[in-house]
Amino acid sequence: MPFQVKPRFVVLYGSQKGQAQSIAEGIAEEAETHGLVADLSCLSDKDKYDLDREKSPVVLVVSTTGDGEPPDNALKFVKSIKKKSLSTDHFKDLTYALLALGDTNYANFCNCGKTIERRLQELGAKQFYETGYADDGVGLEVVVDPWLEGLWQVIKEAVSNTVLDENSPLKMDAAKETPDISLPDLHLNLLSINGHETCSSAETPVGSDAKSPSAESASGSAINTAVSDVKSVSSDTASIFAEELKTKTVEMGSSLTSSVPPLSESPLNVPALPPAYLEVSLQGVNTVNEVMGPLLRDKLSEVPVSRAVQLTRGDSVKTALLLELDITDHPNLAYQPGDSFDVFCPNNPSEVAALLQRLGLESQRNHQVQVNLRNDTKKKGAQLPVHIPQNISLNFLFTWCLDFRSVPKKAFLRTLVEYTTDGAEKRRIQELCSKQGAIDYNLYVRESSLSVLELLTAFPSCSPPLSVLVEHLPKLQPRPYSAASSSERHQGKLHFVFNVVEFPAQLWRPKGRRGLCTGWLSDLINSILIFRASGDTISSPVQEKPQIHVSLRPNCSFRAPTDPSVPFIMVGPGTGVAPFIGFLQQREFLRLQNPDTDFGETWLFFGCRHRDRDYLFRDELEGFVSNHTLNHLKVCFSRETEEDRDTAAHPKYVQHNMLLYSQQIMNILFDQGGFLYVCGDAKNMAKDVNDSLLEMIRTHLKVDQLEAMKRVARLREERRYLQDIWA
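Here is what the cut-offs are and how they apply
- All residue numbers refer to position in the chain's written sequence, counted from 1.
- In keeping with the model being predicted, local features are shown solely for residues with a pLDDT of at least 70 and side-chain atom pairs are shown and tallied solely at 80 or more, while totals for entire chains, interfaces and linings include all residues.
- With hydrogens and water excluded, all non-hydrogen atoms of the structure serve as input to the side-chain values.
- The helix count covers DSSP runs of H or I at least four residues long, the strand count covers runs of E at least two residues long, and both are numbered beginning at the N terminus.
- Buried means the residue's accessible area, taken with a 1.4 Å probe over protein chains only, is under 20% of the maximum for its type, while exposed means over 50%, and partly exposed covers the values in between.
- Note on areas: Shrake-Rupley with a 1.4 Å probe; residue coverage comes only from the protein chains shown.
- The axes are straight lines fitted to the C-alpha atoms, using for helices just the contacting stretch, and the angles between their N-to-C directions are given from 0 to 180°.
- To sort the angles, those under 35 degrees are grouped as roughly parallel, those over 145 as roughly antiparallel, those from 65 to 115 as roughly perpendicular, and the leftovers as oblique.
- Residues count as neighbours in contact if any of their non-hydrogen atoms are within 4.5 Å of one another.
- Under the grouping applied here, Gly and all other residues not named as nonpolar or charged are polar, the nonpolar ones being Ala, Val, Leu, Ile, Met, Phe, Trp, Tyr, Cys and Pro and the charged ones Asp, Glu, Lys and Arg.
- Only one rule defines a salt bridge in this text: a Lys or Arg side-chain nitrogen within 4 Å of an Asp or Glu carboxyl oxygen.
- Here the aromatic set is Phe, Tyr and Trp, taking the six-membered ring for Trp, and pairing holds for ring centres within 6.5 Å; pairs whose planes are under 30 degrees apart are stacked, those over 60 apart are edge-to-face, and all others are tilted.
- Note on pairing: two strands pair once DSSP finds at least 2 bridges between them.
- Among buried residues, the Ala, Val, Leu, Ile, Met, Phe, Trp, Tyr and Cys ones that are joined through side-chain atoms within 4.5 Å form a nonpolar core.
- The predictor attaches a confidence to each residue, called pLDDT, with possible values from 0 through 100.
- Here a crossing is taken to be left-handed if its near helix is turned anticlockwise relative to the far helix by less than a right angle, and right-handed if that turn runs clockwise.

### Structural notes on the overall build of the protein chain
- When helices and strands are tallied, the protein chain shows 20 helices and 25 strands.
- Buried residues in the protein chain amount to 50% of all 727 residues.
- Carbon and sulfur atoms make up 49% of the accessible area of the protein chain, which totals about 33,200 Å².

### Details of the packing of helix α18 (residues 662–671) against helix α19 (residues 682–701)
- Running from N to C, α18 and α19 cross one another at 90 degrees; their axes reach a closest spacing of 10 Å. Here α18 is positioned roughly perpendicular relative to α19, judged by the angle of their axes. Between α18, through Ser-662, Gln-663, Ile-665, Met-666, Leu-669 and Phe-670, and α19, the contact on the second element is made entirely by Leu-693, Met-696, Ile-697, His-700 and Leu-701.
- Each residue belonging to the contact of α18 with α19 can be placed in one class, and the counts come to eight nonpolar, three polar and no charged.

### Some remarks on the pattern of salt bridges
- One pass over the full model with this rule turns up 30 salt bridges.
- Of the charged contacts in the structure, one is a salt bridge between Arg-405 and Glu-351, with a shortest N-O distance of 2.9 Å. With a gap of 54 residues between them, Arg-405 in the loop between α8 (394–401) and α9 (410–417) and Glu-351 in helix α7 (residues 349–358) connect regions that are remote in the sequence. Across this residue pair, the class does not change: Arg-405 and Glu-351 are buried.
- Across the salt bridge formed by Arg-618 and Glu-622, the nearest N and O atoms sit 3.2 Å from each other.

### Thoughts on the packing of aromatic side chains
- Counting across every chain of the model gives 21 aromatic pairs.
- Seen from their ring centres, Phe-341 and Phe-496 are 5.0 Å apart, and the 80 degrees between their planes marks the pair as edge-to-face. Here Phe-341 is found in strand β12 (residues 340–344), whereas its partner Phe-496 is found in strand β15 (residues 493–499), with 155 residues between them in sequence.
- A relative accessible area of 1% places Phe-341 in the buried class.
- In this structure Phe-496 comes out as buried when scored by relative accessible area, which is 0%.

### What to know about the sheet that holds strand β23 (residues 632–637)
- Strand order across the open sheet formed by five strands is β23-β22-β21-β24-β25, with parallel pairing between neighbours. Strand pairing shows two members of the sheet lacking a second neighbour, β23 and β25 (721–726), which therefore form its edges. Put simply, the sheet's adjacent strands are angled 10 degrees from each other on average, direction ignored.
- Looking at chain direction, strand β21 (residues 568–571) and strand β24 (residues 675–681) are connected through four bridges and run parallel. Within β24, the residue paired with Ile-569 across the bridge is Leu-676.

### A word on the nonpolar core
- Counting 51 residues, the largest nonpolar core has Leu-256, Leu-397 and Phe-398 as the members making the most contacts within it.
- Of all the elements, α8 adds the most residues to this core, at six residues.
- The contact partners of Phe-398, leaving out residues within four places of it in the chain, are Asn-347, Val-352, Leu-355, Leu-356, Leu-359, Phe-404, Leu-466 and Leu-469.
- Val-566, Val-577, Ala-578 and Leu-584 belong to the second-largest nonpolar core, a separate cluster that totals 32 residues.

### Description of the environment of Phe-498
- With respect to the helices and strands, Phe-498 occurs in strand β15.
- A residue is classified by how much of its surface remains accessible, and Phe-498, at 3% relative accessible area, is buried.
- Sequence-distant contacts of Phe-498, defined by excluding residues within four places in its chain, comprise Thr-319, Ala-320, Leu-321, Leu-323, Tyr-481, Thr-518, Leu-521 and Thr-575.

### Observations regarding the side chain of Ser-551
- Assignment of secondary structure puts Ser-551 in strand β20 (residues 547–553).
- Residue classification places Ser-551 among the buried residues on the basis of a relative accessible area of 13%.
- Once you skip the residues sitting within four places of it in the chain, Ser-551 turns out to touch Lys-299, Leu-300, Leu-333, Phe-341 and Asp-342.

### Thoughts on the confidence of the model for the protein chain
- In the predicted model, the protein chain carries a mean pLDDT of 84, and the fraction of residues at 70 or more is 82%.
- Here helix α5 (residues 218–230) is the element of the protein chain with the lowest mean pLDDT, 32, and β21 is the one with the highest, 98.
- Considering only residues more than four positions removed or in separate chains, one finds that residues 208–238, a stretch of pLDDT under 50, has 44 contacts.
- Note on residues 533–541: pLDDT under 50 across the span, and twelve contacts to partners over four residues away in sequence or across chains.

### Notes on the packing of α19 against helix α20 (residues 705–717)
- Contact pair α19 / α20: the axes reach a minimum separation of 9 Å and the direction vectors enclose 120 degrees. For the pair α19 and α20, the crossing hand works out as right-handed. Two secondary-structure elements touch here, α19 through Asn-690, Leu-693, Leu-694, Ile-697, Arg-698 and Leu-701 and α20 through Gln-705, Ala-708, Met-709, Arg-711, Val-712 and Arg-716.
- Of the residues that constitute the contact of α19 with α20, the class distribution is seven nonpolar, two polar and three charged.

Structural data, given as structure tokens:
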């Protein structure tokens, strides 16, 4: 029998935190089960692929980071295809499919994927499969799972087309002849959670003694009916149904470790088992001085915290802290107002100790870690994790390298099934990573910010080897913060502000826990903390100044207008006011240096809960108003009692306050060419501010919703509507 070469296609990825890479690797690995060969490459590895000459179909999986920016390893690729010198038929022979990852909590949803797709089409490339826009705000799997299911049918068709002669009349246009796989609009919330779907080849059916619908409990039937209805509704309606299902699930007694009908009685579609690819062993006791040397490749600077101030009163709901860093000896940290920077913090020592104990490795915490690739691995493109340095101890690995606070992915859960001995626990973990368990996964894992330690504590019979954690846990990422100062006002100093994040207690988290970085910073600066209460300043004895590791993240777009005569509006409730303190300090300096210059109007919409507990930077803001650096300060207090606050005269939130001044805002934006800056919570505030802006445009410019959206889009394109937001 003659040797037959398997049909080939290309898989490329751009990934910031590893999710897009993991999906791309999964596609490459599954290709073999479909009789195909996938060439997997990162977009940054230009020597491994050539789209200019590529004839085979190409699948791209790309994420978006920051303010709609490409991942670091896709940046050069995006720049290369944006070149104006490229002709409109540059990619005339290229056929592609694209899966874009993003988060609708941010304004530029899937912007990297959209940019790549738009540019490929402008250069003549043809699409052979509907683009998927996966939303991390509701769960990537909602779109990723059905997109991957449909991919294999069309990729086979696209691959077969490439073997036909280009001039053959049988040659089909892949973009036009894509089979109808009945994929609804892929950027909606698709809920594929019916308990009786057919497995795809990428999934393993797990049997059970499932009852027929007629034999189910009344409550189970009600949930099944609701699930059926969910599958054909719009995004907003699907979200409402999902919330109702979650409520019913909890009311019926479901928890992290136990399920209820129909899930507990359904056959399951679980992901394929990811191939193992690492060998991890522990050698003798490590004697190398670890400190932070292995991580200096990340261009970190170790700087002292020279001052720390608590900005909120002790009885405030949130604790807001201001830290001042001494960057005098670090010219690489020269910043401008609007920039942000990363703080690199370690994992909590008590949690590291608890995890090592849970894994049975506590006595070996100082042993050296040896990581190698398995010779027998079937993982495509397997490589050693670049975030794990050589010659480090097990303790250093879990302290500085691996993020075990990150929410466990379904592929990780699927792997843990293999190392769980108790039948009931194994079944529950299977449920959590299955299609049928999507509601429970979101409720008990994703939305609860479940950590790996909490997961292993909840399932005591699960005992994974060290290699599984090294394979599946992502790199411990630095945390970004906005600069809250101007170097003109505070020379050699850098200020930033944060709330100490608190995660509520759960059944598997009885004491609750604090955010990793904010909790660490809070503990670190206790010795130099200055507490402001009732106008008095109380200073603790100054001990040795604590040191933290930081790196600068310049934000060239989030800047005050270069022309000082241009007016601008700032919206920043809570700690979202931070970058605007820097804006105003800089503007105050410019006014002093240029007394004869005409400066444009400045507005700040600020909001907090109570005027006497968490009104951040009150004295400084009122000082800016007094010296005319800030022309209009509009403040609202959301937790004032109804007796103290008349809703019409004293709005509850910043977006309500903006509506009271809509005429002035419209004049600044559309008559004077001004700017609008928004900083703070992406999940609620930023969306509400955007909705208010649309309402103002509709009302004052007398246009419909579509035209209002176009006006907002134009403001974004002109970089006059800018956001620095976080989920």
